[in-house]
Amino acid sequence: MRPLRPFNFNTSAELFPAAIRKKKRAGFTYRRFGTAAEAVQFAMEQLPTDSLNGAYLQVEEARFDQNGIRSLYESEAFPLPRRRKVEPAANTDADAA
């Protein structure tokens, strides 16, 4: 098995919606990004989960499904800042007192 070449986050990328949509509600349409990093960040931070399900990212000849996009986002090599997950406040009344 030959080693995989490192992923280039600076390559342009295309994000495609799920192939089959019975309802044309507020999903997303095809988008082209200047860098794969921007496309991955958009997919993970801005797309609703149901829109990401079935979508794929195309970077040069490689395609990444929802799990592949998530792996790229969680990679140590991901060059952009990740959005912090907001933890729900445990007890906001105590903070106000």
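This one's a predicted model, so the numbers in the text were calculated from it and none came from an experiment.

Procedures and definitions
- Residues numbered from 1 in each chain as written.
- Predicted model: local features only at pLDDT ≥ 70, side-chain atom pairs only at ≥ 80, totals over all residues.
- Heavy atoms only, no water.
- Helix = DSSP H or I, 4+ residues; strand = E, 2+ residues; numbered from the N terminus.
- Buried < 20%, exposed > 50% of the residue type's maximum accessible area, 1.4 Å probe, protein only.
- Contact = heavy atoms within 4.5 Å.
- Areas by Shrake-Rupley, 256 points an atom, 1.4 Å probe, with all protein chains shown as cover.
- Pairing = 2+ DSSP bridges.
- Phe/Tyr/Trp six-rings, centres within 6.5 Å; stacked < 30°, edge-to-face > 60°.
- Lys NZ or Arg CZ within 6 Å of the ring centre and 35° of its normal.
- Arc of directions from axis to C-beta.
- Polar contact = N/O pair within 3.5 Å; in protein donor to acceptor, adjacent residues only side chain to side chain.

Caption draft 1: Highlighting the overall build of the chain. When helices and strands are counted, the chain shows four helices and four strands. Going from N to C terminus, the chain has its helices and strands arranged as β-β-α-α-β-β-α-α. Across the 97 residues of the chain, 32% fall into the buried class. Sequence-distant contacts, at least 24 apart, represent 56% of the contacts inside the chain between residues at least 6 apart. Carbon and sulfur atoms make up 50% of the accessible area of the chain, which amounts to about 7600 Å² in all.

Caption draft 2: Looking closely at the pairing of strand S3 (residues 56-59). Relative to S3, strand S1 (residues 13-16) is paired through three bridges, and the arrangement is antiparallel. Each residue of the ladder has a partner; that of Glu-14, found in S3, is Gln-58. Two strands pair when backbone bridges link them, and S3 and strand S4 (residues 62-64) are joined in this way by three bridges, in the antiparallel orientation. From the neighbouring strand, Val-59 faces S4, where its bridge partner is Ala-62.

Caption draft 3: Layout of the packing of aromatic side chains. Scanning the model with the defined rule gives seven aromatic pairs in all. Each residue in the set Phe-7, Phe-9, Phe-64, Tyr-73 and Phe-78 is aromatic and connected to the rest through ring pairs, giving one cluster. A cation over a ring is seen here: Arg-31 above Phe-42, with NZ or CZ 4.3 Å from the ring centre. Of note, Arg-82 hangs over the ring of Tyr-73, and the distance from its end group to the ring centre comes to 5.8 Å.

Caption draft 4: Representation of helix H3 (residues 66-74). Among the residues of H3, those classed as buried are Gln-66, Gly-68, Ile-69, Leu-72 and Tyr-73. Seen end-on, H3 carries its buried residues on one side only, within an arc spanning 165°. Structural note: H3 exposes Asn-67 and Glu-74 on the side pointing more than 90 degrees away from its buried face. Buried positions along H3 lie against S1, helix H1 (36-45), helix H2 (49-52), S3 and S4. Put simply, Asp-65 is the residue that caps the front of H3, since its side-chain oxygen is 3.1 Å from the backbone nitrogen of Asn-67.

Function cannot be read off these values alone, since they describe shape.
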